[in-house]
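If you want the building blocks of each chain, they are given just below.
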Amino acid sequence: MNPTDRVLTGVALMIGFCIFAPLIDVASKLAAQDVPVGVVTLGRFIVQAALMLPVVLFMRLSFSMTPQTLGLTTIRASLAIASTYCFIAAVKVMPIADALAIVFVEPFIILLVGKLALSEQVGPRRLGAAIVGFGGSLLVIQPSFAAFGAVALFPLGTAVFFAFYMLVTRHLSQRMHPVTMQFHTAVLAALLCLPFLAVGHGLGEPALAFVLPEGVFWLWCFCVGLAATISHMAMTYALKFAPSSTLAPLHYLEIVTATLFGYIFFGDFPNALTLSGVAVIVASGLYVIHRERQVARAARLTLHPPAPELR
């Protein structure tokens, strides 16, 4: 496969991610109408682990983990539970596109965490774009908060947890194969969900009650895990074939497909204020990506200046 074909394959896989990822949200919204949010969250990881196991066996990958990778995977699994739970709780009552638009402040959170906690160099332009992006999220949150109450803040929780999830993934990806990473994360997340459900069930918390799905809701719960497995593996391999700088702008296609699926399945369509907020978030995100590319290009030129021309 030549370099051009590899990039095109990566782009195709990223588009596949943007198509399948909103189907997680569709299945979650359908399942959560009758199944407690905690059980839908647990089901996602059980199905993902079951689907990934034969892949790990087929590829003959090692199941072993060092104490360090076990610790990082446990943190990754905990963050996956928190981000998944928050988002399922949100889409249970909110339109999918509205919730997803708020989640798209996650790159700005990573940017701010990188500057404040990891001492990464972040220029004033990217910081300004991050602030504008947060402002766009407020345009989406405000009408959602008025309509749905505090549940409109759940997608913001998803954004925060997923930002830290991505930071942990960066470190873990250097130590584990992506397939085993997905498998072990799913197994640990499923195991970690059980005590929370046990406590929630004992306290009589409806969202954490351990109630098995019935009828078609088994299918919806299975589809949550199936769509999650397909979409996340598509993104994992997309990043293997193409640079993240090429794929990052395509991620915003997910908002388009989420809006389309929300309208097809539930008749939801964002209002004018929400669409304005989405436009601000997308524009700010694309500007951050543009600046990241410029900074990376400048760094490469500093390390490897072009050879002088021969006259």
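Above this text you will find the structure in question.
Thresholds, definitions, all that
Residues numbered from 1 in each chain as written. Predicted model: local features only at pLDDT ≥ 70, side-chain atom pairs only at ≥ 80, totals over all residues. Heavy atoms only, no water. Axes fitted to C-alpha atoms, helices over the stretch in contact; angles between N-to-C directions. Helix = DSSP H or I, 4+ residues; strand = E, 2+ residues; numbered from the N terminus. Parallel < 35°, antiparallel > 145°, perpendicular 65-115°, else oblique. Left-handed = near helix turned anticlockwise from the far one by under 90°. Contact = heavy atoms within 4.5 Å. Nonpolar A, V, L, I, M, F, W, Y, C, P; charged D, E, K, R; others polar. Core = buried A, V, L, I, M, F, W, Y, C linked by side-chain atoms within 4.5 Å. Buried < 20%, exposed > 50% of the residue type's maximum accessible area, 1.4 Å probe, protein only. Phe/Tyr/Trp six-rings, centres within 6.5 Å; stacked < 30°, edge-to-face > 60°. Lys NZ or Arg CZ within 6 Å of the ring centre and 35° of its normal. Disulfide = S-S within 2.5 Å.

Q: Run through the packing of helix α4 (residues 96-103) against helix α11 (residues 253-266), naming residues and quoting values.
A: Axes are the key here: two packed helices are described by the angle between their axes and the distance separating the axes. Running from N to C, α4 and α11 point in directions that differ by 160°, and their axes come no closer than 8 Å. Put simply, α4 runs roughly antiparallel to α11. With respect to the hand of their crossing, α4 and α11 are arranged in right-handed fashion. Contacts from I96, A97, L100 and A101 in α4 reach E254, I255, A258, T259 and F266 in α11. Grouping the constituent residues of the contact of α4 with α11 by class yields seven nonpolar, one polar and one charged.

Q: Talk me through the nonpolar core; I want residue IDs and the actual numbers.
A: Residues M94 and I255 are the most contacted members of the largest nonpolar core, which totals 36 residues. Take this core: its biggest share by element is six residues, from α4. Apart from residues lying up to four places away in sequence, M94 is in contact with K29, A99, I102, S144, F148, V151, A152 and P155. In this structure, F45, I81, M181 and C193 belong to the second largest nonpolar core, which totals 17 residues.

Q: Break down the packing of aromatic side chains for me, citing the residues and quoting the values.
A: In total, this model carries six aromatic pairs according to the counting rule given. Ring centres of F63 and F183 lie 5.6 Å apart, and the angle between their planes is 75°; this geometry places the pair in the edge-to-face category. Here the residue F63 occupies a position in the loop between α2 (37-58) and α3 (67-91), and F183 occupies one in helix α8 (residues 178-203), the gap between them amounting to 120 residues. Residue classification places F63 among the partly exposed residues on the basis of a relative accessible area of 37%. Residue class for F183 comes out buried when judged on its relative accessible area of 10%. Ring centres of F261 and F265 lie 6.3 Å apart, and the angle between their planes is 70°; on these two criteria the pair is classed as edge-to-face. Here F265 and F261 lie together in helix α11, a separation of four residues that amounts to about one turn. When its relative accessible area of 45% is taken as the criterion, F265 is described as partly exposed. Among the aromatic side chains, those forming a connected cluster through ring pairs are F261, F265 and F266. Across the ring face of F266, the terminal group of K29 is positioned such that the distance to the ring centre comes to 5.4 Å.

Q: Go over the side chain of S284 with me, naming the residues and quoting the values.
A: Inspection of the secondary structure assignment puts S284 in helix α12 (residues 272-303). Its relative accessible area of 6% is what places S284 among the buried residues. Excluding residues that lie within four positions of it along the chain, S284 makes contacts with F108, A129, V132 and G133.

Q: If you had to explain α4 to someone new, which residues and values would you point to?
A: Within α4, eight of the eight residues are buried, which leaves it mostly tucked inside the rest of the structure. Buried within α4 we find I96, A97, D98, A99, L100, A101, I102 and V103.

Q: So, the state of the cysteines: which residues are in play, and what are the values?
A: In a disulfide, the sulfur atoms of two cysteines are covalently bonded to one another. Following the criterion strictly, the structure yields zero disulfides and no others. With no disulfide partner, C223 has as its closest neighbouring cysteine sulfur the one in C221, 9.4 Å distant. When its relative accessible area of 23% is taken as the criterion, C223 is described as partly exposed.

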